[in-house]
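# Structure at a glance
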Amino acid sequence: MATTQSMELSINGRLHALTLEPRVTLLDALREHLGLTGTKKGCDQGQCGACTVHVDGERVLSCLTLAVQAEGRSVETIEGLGGEDGTLHAVQQAFLDADAFQCGYCTPGQIMSAVACIREGHAGSDDEIREFMAGNLCRCGAYPNIVTAVRQAAEALA
Ligand code: FES
Ligand code: FES
């Protein structure tokens, strides 16, 4: 019989008590146990970036992070990015303005990655943005518009 473990996860500023098997990933904890389905599963092997979230402010792949590893740390997902009054984060607004998505499946990961990319100081040029956003795949080929969006958001946030 599988053993479960009690844990408390801080997601978007709120504490959630969960009882999970230790093998449950942060991605599945968010999607299947907390109903936060904005974070997507494109591969579950660390190769697509659709599951990108922030842990203590840094971008991580939630499919390669166990939920237990996030205990005592601060997790932010796409659902927590906007203001409480519904205002979009500058990166969300820039993705809309620049048409930086089509199907939208890679988009939450792209946006979480872009927020971190800008914060890391890796949005200095289009080439730098392309390089530091390369961990997020987009099969709709929205890359040129994603670069535009990240550049515009970086300028808006500067
Ligand atoms: S689902 Fe995590 S990298 Fe693809
Ligand atoms: S918008 Fe469809 S995969 Fe990126």
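Numbering of residues begins from 1 in every chain and follows the order in which that chain's sequence is written. As they are written, the chains are lettered A onward and the ligands numbered 1 onward, keeping that order. Local features are withheld for residues below a pLDDT of 70 in this predicted model, meaning they are given only at 70 or higher, and side-chain atom pairs are given and counted only at 80 or more; totals for whole chains, interfaces and linings count all residues. Only hydrogens and water are set aside; all other atoms, that is, all heavy atoms of the structure, feed into the side-chain values.

### Points about unusual backbone geometry
Inclusion rule: Each helix is a run of DSSP H or I of at least 4 residues and each strand a run of E of at least 2, with the numbering of both proceeding from the N terminus.
With a phi close to 70°, D44 is a non-glycine residue in the positive phi region. The topology assignment puts D44 in the loop between α1 (26-33) and β3 (52-55). Not every positive phi belongs to a glycine, and D56 is a case in point at roughly 50°. Its location among the elements puts D56 in the loop between β3 and β4 (58-61).

### Notes on the environment of N12
The following threshold applies: Any two residues whose heavy atoms approach within 4.5 Å are treated as being in contact. For this analysis, a polar contact is any N or O atom pair within 3.5 Å, provided that within protein one partner can donate a hydrogen and the other can accept it, and provided that sequence-adjacent residues contribute only side-chain to side-chain pairs.
Turning to its location among the elements, N12 is positioned in the loop between β1 (5-11) and β2 (14-20). As a C-alpha pair, N12 and L81 span 69 residues in sequence and 8.0 Å in three-dimensional space. The residues touching N12, leaving out its near neighbours within four places in the chain, are L36, V75, E76, T77, E79 and G80. Within polar-contact distance, the side chain of N12 engages the backbone nitrogen of T77 at 2.8 Å.

### Here we look at the layout of surface pockets
For clarity, the threshold we go by: Cavity and pocket criteria rest on a 1 Å grid covering protein atoms alone: a 1.4 Å probe that fits but cannot get out defines a cavity, protein on both sides within 12 Å along at least 5 of 7 lines defines an open pocket, and an atom within 4 Å of a point defines a lining residue. Grid points are joined across faces, edges and corners, and a volume is the space filled by probe spheres set on the points. Basically, the charged four are Asp, Glu, Lys and Arg, the nonpolar ten are Ala, Val, Leu, Ile, Met, Phe, Trp, Tyr, Cys and Pro, and anything else, Gly included, counts as polar.
Quantified by volume, the largest pocket comes out at close to 180 Å³. What lines the largest pocket is simply G42, C48, A50, C103, Y105, C106, L137, C138, R139 and C140. Class assignment for the residues of the lining of the largest pocket results in eight nonpolar, one polar and one charged.

### Comments concerning the nonpolar core
Heads up, the condition is: Residues grouped as a nonpolar core are buried Ala, Val, Leu, Ile, Met, Phe, Trp, Tyr and Cys residues, joined through side-chain atoms within 4.5 Å. Only protein chains enter the accessibility calculation, which uses a 1.4 Å probe; a residue is then buried when its area is under 20% of its type maximum, exposed when over 50%, and partly exposed in between.
Of all hydrophobic cores here, the largest spans 25 residues; its most connected members are V91, F95, I111, I118, I146 and V150. Broken down by secondary-structure element, the contributors of at least two residues to this core are α2 (90-97), α3 (107-119) and α5 (143-157). If we skip the residues at most four places from it in the chain, I118 touches V91, A123, V150, A153, A154 and L157. Counting residues in hydrophobic clusters, the runner-up holds 16 residues, among them I11, L26, A29 and L36.

### Observations concerning the pattern of salt bridges
To keep things clear, this is the line we draw: The salt bridge definition used is simple: a Lys or Arg side-chain nitrogen within 4 Å of an Asp or Glu carboxyl oxygen.
Counting across every chain of the model gives seven salt bridges. In this structure, D28 and K41 form a salt bridge, with 3.0 Å as the shortest nitrogen-oxygen distance. Taken together, the positions of D28 in helix α1 and K41 in the loop between α1 and β3 put the pair 13 residues apart, joining distant regions of the chain. A residue is classified by how much of its surface remains accessible, and K41, at 30% relative accessible area, is partly exposed. Overlapping salt bridges, with partners in common, bring together D28, K41 and D44 in one network.

### A short note on the pairing of β1
Filter applied, for reference: Strand pairing follows a simple DSSP-based rule, namely that at least 2 bridges must link the two strands.
With seven bridges joining them, β1 and β2 adopt antiparallel strand pairing. Within β2, the residue paired with S10 across the bridge is L15. Connecting the antiparallel pair β1 and β2 is a turn made up of two residues, with N12 showing a positive phi of about 50°. Relative to strand β5 (residues 74-76), β1 runs parallel, the two sharing two bridges. Note that in β5 the partner of S10 across the bridge is S74.

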